[in-house]
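Chain by chain, the residues run as shown.
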Amino acid sequence: MVKHQPLQQVYEKQLCLSFLTGIYGCRWKRYQRSHDDSSKWECAWFIILCSTFSLLLFWAYFWLEAHNDYNQFNWLLYNRSGEWKDRTVPILATTAVGFSYITFLMILALCHISLGQQLNLYWIHKVGVLAALITTVSGVVSIDDVWGDEWDIILISLQSTGPFLHIGALAAVTALGWLVAEHVVRAERTSKCCFHMILLLVYLSVLLALYMAPLAISSPCIMDKNSLKSRPDVIGRRGAPMLAPENTLMSFNKALQQGVSSLEADVTVSLDGVPFLMRDRTLKRTTDIAKVFPDRQHEDASLFNWTEIRSLNAGQWFLENDPFWTVGSLTGRDRNRIRNLTVCSLVEMLRLAARANRSALLYLRRPPPEHPHYKTWIMDTLWAVQRSGISQKRVTWTPDTDRGRVRGLQQTSLEKLSVEELRHRGISSLTLRYSQASNKDIQDFLANNMSVTVYPVNEPWLYSVLWCSGVSSVSSDTPQVLRKVPYPIWLMSPDKYCLVWITSDLVSIAIVIGIFIFQNYHVIRWRMSGMQNYNPEQIMLSAVARRPSRDVNIMKEKLIFSGTKTQEKGKNVCCQHHGRTNPLDLIKNGKE
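A quick note: this is a predicted structure, and the numbers were derived from the prediction, not measured.

Calculation notes
- Residues numbered from 1 in each chain as written.
- Predicted model: local features only at pLDDT ≥ 70, side-chain atom pairs only at ≥ 80, totals over all residues.
- Heavy atoms only, no water.
- Helix = DSSP H or I, 4+ residues; strand = E, 2+ residues; numbered from the N terminus.
- Expected span 1.5 Å × (residues − 1).
- Buried < 20%, exposed > 50% of the residue type's maximum accessible area, 1.4 Å probe, protein only.
- Contact = heavy atoms within 4.5 Å.
- Salt bridge = Lys/Arg side-chain N within 4 Å of Asp/Glu carboxyl O.
- UniProt positions renumbered as here; feature names shortened; annotations may be inferred.
- Axes fitted to C-alpha atoms, helices over the stretch in contact; angles between N-to-C directions.
- Parallel < 35°, antiparallel > 145°, perpendicular 65-115°, else oblique.
- Left-handed = near helix turned anticlockwise from the far one by under 90°.
- Nonpolar A, V, L, I, M, F, W, Y, C, P; charged D, E, K, R; others polar.
- Pairing = 2+ DSSP bridges.
- Right-handed = clockwise from strand over helix to strand, strands pointing away.
- Core = buried A, V, L, I, M, F, W, Y, C linked by side-chain atoms within 4.5 Å.

### What to know about helix α3 (residues 70–81)
At step 1: The terminal C-alpha atoms of α3, which comprises 12 residues, lie 17 Å apart, in line with the 16 Å expected from a rise of 1.5 Å per residue.
At step 2: Along α3, the residues that are buried comprise Y70, N71, F73, N74, W75, L77 and Y78.
At step 3: Elements that come into contact with the buried residues of α3 comprise α2 (40–65), α4 (88–115) and α5 (123–146).

Spelled out as structure tokens, the structure:
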């Protein structure tokens, strides 16, 4: 008598796979998964996901490096809207959330591809990807309109981060070689290999471009240590505006405590001819004029007399707005002093610089045409310099106007003029924005005995790059930060950099070749094994399991057939006795 064992199905619990397919495509059940090729529509969504990730990566890097100019960004928006707010906070928050979300989806998608799972992005994620893409594109367009000059920070930052970004990008693309090799090898098992060959060519092209990328990386920090010049002097830009309200006497005192070599200030002439310090055109942002003179808060600051200006509070706004998020770190004594600050006159600031044996850099703003001192503003400023008692050789100012009357003072140019033009005007120093001063320009000016001051320099990486370039001094809102940079962040000789470059390329080449060899080895084993290790029952079940259908349940089944050879012979005899054919013989004959 023949005994038939019941068919036993054993399901393997794959929690990791369930998590991947569930989070990415909301496919939590086994029968919802599929090893079929992804549809063209899902491939298009994967391309959109990759594009969004790349754009967000660029956007996040931009805001990471633009930290040097956050205060300038808020000030530009204040001039447009008339309201002071730290607009960088919502931008950074949304960027962090969006980038984390898109990066998580990218990791899930790559895991799907690695495991051979079909891509099927859930519709909620599709909405999220589109929202992130549209928001980022809108942000890029808006920044280009409001703050277009800031894009230069990306190219400048590459002088500091380029060598490290190259190694990171090379490691990431090398790791992707596993997925590319797997797809190319998989194409050899099917007749559809055209797309995979194109993919292979694109991958190899990107890899080759990364291998040669250091040829385009130029950094002044790739130099011999013996060629490094002395540490650039730090100028307190409007004092130390992170530690006290800008252009106030307390702010300049804080800057001197941080060891600055010079004090920088913005000078305006009052209605009665008193030069005072004010950056904005109006007094609205940095004083309490809205309470004292509510009807005049939008008037030009130079249209107030000195008595009216002196009656305003110039520190309370700093405590209320906390523009640099530093008020919490101040002592109670400093906060009490800030509450009672008034607008600082030019004479007070220059006397402070003279007592500390420091220099002064002045930015003069000419009053409007209706101002009574419209024609005498230069002489009013010169008279204030003389009354302060500071040596005229220690005072530098701009703009380069009325040069005939400003003979005892040093003048600097805010324009990147030629050396011949600067000599013709009798100017021996330049004050340039960091985006205007390339390494080559700095070297040319220094070779012709022209000192170069670069502004604004608030981050250690930018200070290090300019230090390697050889600038004479930098103007900074954060002298307390730059004080802690005793040496450039990194300095590497050309020979050492070439060694790192070549070594990383060779390691990447070896890893990529090893990946492709390993993948092809498995293909050869698969072809050598053929179908000889499969018994007829496995062949029949495999044919059923590989039927191309998205609704087929992908699972591993183990069929347990117990019995002896005698029982199998008994089956054959029984079948022949009743005039039937053994199904196993049919399968074997079909195979032959």
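What follows picks up the thread again.
### Let's talk about the pattern of salt bridges
At step 1: The full count for this structure, using the stated rule, is 17 salt bridges.
At step 2: Residue D334 is joined to K254 by a salt bridge in which the shortest nitrogen-to-oxygen separation is 3.0 Å. Pair noted here: D334 is in helix α12 (residues 332–339) and K254 is in helix α8 (residues 249–257), with a separation of 80 residues, a long-range link. Each of the two residues, D334 as well as K254, counts as buried.
At step 3: Linking D300 and R365 is a salt bridge whose minimum nitrogen-to-oxygen distance equals 3.3 Å. In this pair, D300 sits in the loop between α9 (289–292) and α10 (306–310) while R365 sits in the loop between β4 (359–364) and α14 (377–388), placing the two residues 65 residues apart along the sequence.
At step 4: Using a relative accessible area of 9% as the deciding quantity, one classes D300 as buried.
At step 5: One continuous salt-bridge network, built from bridges that share partners, spans D69, E150 and R433.

### Concerning the UniProt feature "transmembrane region" (unreviewed entry) in the protein chain
At step 1: As annotated in UniProt, the feature "transmembrane region" (unreviewed entry) corresponds to residues 43–64, 89–111, 123–143, 163–181, 193–217 and 499–518 in the numbering used here.
At step 2: Note that residues 43–64 is 100% helix and 0% strand, and that its end C-alpha atoms are spaced 31 Å apart.
At step 3: Between the first and last C-alpha atoms of residues 123–143 the distance is 30 Å; the span itself is 100% helix and 0% strand.

### Focus on the packing of α8 against helix α13 (residues 346–355)
At step 1: Between α8 and α13, the shortest axis-to-axis distance is 10 Å and the interhelical angle comes to 20 degrees. By the criterion of interaxial angle, the relationship of α8 to α13 is roughly parallel. Here the hand of the crossing between α8 and α13 comes out right-handed. Contacts between α8 and α13 pair L249, F252, N253 and L256 from the former with E348, M349 and L352 from the latter.
At step 2: By residue class, the composition of the contact of α8 with α13 is five nonpolar, one polar and one charged.

### Let's talk about the packing of helix α1 (residues 15–25) against α4
At step 1: Where α1 contacts α4, the two axes come as close as 10 Å, and the packing angle between them is 125 degrees. One finds that α1 runs oblique with respect to α4. In the crossing of α1 with α4, the sense of the turn from one axis to the other is left-handed. Residues L17, F19, L20, T21, I23 and Y24 of α1 form the contact with α4, whose own contacting residues are F104, L105, L108, A109, C111, H112 and L115.
At step 2: In terms of residue class, the contact of α1 with α4 is made up of 11 nonpolar, two polar and no charged.

### As for the pairing of strand β9 (residues 473–476)
At step 1: Neither face of β9 is left uncovered, since the one carrying S473 and S475 and the one carrying V474 and S476 both have all their residues buried.
At step 2: Here strand β1 (residues 233–237) runs beside β9; their pairing, made up of four bridges, is parallel. Following the sheet pairing, G236 is matched in β9 by S476.
At step 3: The handedness of the strand β8 (residues 451–455) to β9 crossover, carried by helix α17 (residues 460–469), is right-handed.

### Quick notes on the nonpolar core
At step 1: Grouped together as the largest cluster of nonpolar side chains are 97 residues, with contacts concentrated most on F62, W63, M349 and L362.
At step 2: Here this core gets eight residues from one element, more than from any other, and that element is α2.
At step 3: Setting aside its immediate chain neighbours within four residues, W63 contacts Y70, F73, T88, I91, L92, I143 and W147.
At step 4: Counting 13 residues, the second largest nonpolar core, distinct from the first, contains V173, V184, I515 and F516.

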